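Secondary and tertiary structure notes
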Amino acid sequence: MAAPIGYEVNGEQYIAVAVGRGGGLSQVMGIEYDGVNPRGRFMAFKLGGTARLPAVQQENFPEPPPRMAVSPEEIEAGRVLFSNFCFRCHGVNAISDGSVPDLRHLSQAWYDNFNKVVLEGTMEQAGMPRFDDVLDERSAHALKAYLIERANEDKEERERPVWWREIIARAYEYLAE
């Protein structure tokens, strides 16, 4: 992101800045944000202005599928595969900052077509590469189990009391500084 700039029009002073999420830091750190991803935009502020931004819209996430009947070792194998092949785009521990799909919040259709996307390249035109050169059906199954586990963990976390989530959010903010 670029630095802010100041300028004057008809005697009024303004500050303009590119805002939103950009770069890879929030992805690599696994930082999650409340609400929908405010896509990057350019905003100008008039000195002494009183306009306010709209409230952040809260997202409604699909219900995660039931956990798969797999061993903890298979979920761990899926976590390792995710760390090796997926986190660069989809974030640490499958926590996306919203700039790419958050794999914890997929609708059932994506799970139903998981191998078509991951192994057969159904979404290549949208930028999602195929991984059939490094994954087979067994490893894709472990990866899917891990993502479903993360989806259920995320739902459980969102259902925790607000005070607990605020403590966790402050801890993440502190670590991010």
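Residues numbered from 1 in each chain as written. Predicted model: local features only at pLDDT ≥ 70, side-chain atom pairs only at ≥ 80, totals over all residues. Heavy atoms only, no water.

Thoughts on the sheet that holds strand β1 (residues 5-9)
Picture the strands of a sheet paired through backbone hydrogen bonds; they go either parallel or antiparallel. Which entries qualify depends on this criterion: By this definition, two strands are paired if DSSP reports at least two bridges between them. In this description a helix means any DSSP run of H or I spanning at least four residues, a strand means any run of E spanning at least two, and both kinds are numbered starting from the N terminus. Interaxial angle, 0 to 180 degrees, is taken between N-to-C directions of lines fitted to C-alpha atoms, where a helix line uses only the stretch in contact.
The sheet built from three strands is open, its strands ordered β1-β2-β3 with antiparallel pairing. The open sheet is flanked by β1 and β3 (41-46), the only strands paired with a single partner. The sheet shows a mean angle of 30° between the axes of neighbouring strands, taken without regard to direction. Two strands pair when backbone bridges link them, and strand β2 (residues 12-19) and β3 are joined in this way by six bridges, in the antiparallel orientation. Its bridge partner being in β3, Val-17 is matched across the sheet by Met-43.

Some thoughts on the nonpolar core
For clarity, the threshold we go by: For this analysis, a nonpolar core means a set of buried residues of the types Ala, Val, Leu, Ile, Met, Phe, Trp, Tyr and Cys, connected via side-chain atoms within 4.5 Å. Categorising residues by exposure relies on relative accessible area from a 1.4 Å probe, with only protein chains included: less than 20% of the type maximum marks a residue as buried, more than 50% marks it as exposed, and the intermediate range marks it as partly exposed.
Ranked by size, the top nonpolar core spans 21 residues in total, and within it Phe-82, Phe-114, Val-118, Leu-135, Leu-143 and Leu-147 carry the most contacts. At the level of elements, α2 (72-85), α5 (114-118) and α6 (137-158) are the ones that each hand at least two residues to this core. Among the elements that make up this core, the one with the highest residue count is α6 (eight residues).

Some thoughts on the side chain of Ser-96
Rule in force here: Here a polar contact means two N or O atoms within 3.5 Å. Within protein one must be a hydrogen donor candidate and the other an acceptor candidate, and residues neighboring in sequence count only if both atoms are side-chain atoms.
Positionally, Ser-96 belongs in the loop between α3 (87-90) and α4 (108-112). For Ser-96, a relative accessible area of 4% corresponds to the buried category. Only 2.6 Å separates the side chain of Ser-96 from the backbone oxygen of Val-100, close enough to count as a polar contact.

Let's talk about a nonpolar patch on the surface
The line we're drawing: Every patch collects residues that have over 30% relative accessible area and no salt bridge, joining them within 9 Å if they carry like charges and within 5 Å if they are nonpolar side chains (Val, Leu, Ile, Met, Phe, Trp, Tyr). Note on areas: these come from Shrake-Rupley sampling with a 1.4 Å probe, and a residue is covered only by the protein chains present in the view. Put simply, a salt bridge is a Lys or Arg side-chain nitrogen that is within 4 Å of an Asp or Glu carboxyl oxygen.
On the surface, Ile-5, Tyr-7, Val-9 and Phe-42 cluster together into a nonpolar patch covering about 380 Å² of accessible area. The element that contributes the greatest number of residues to the nonpolar patch is β1, accounting for three residues. Structurally, the position occupied by Ile-5 is in strand β1. A relative accessible area of 46% places Ile-5 in the partly exposed class.

So, to be careful, I would describe these as geometric facts and stop short of saying anything about function.
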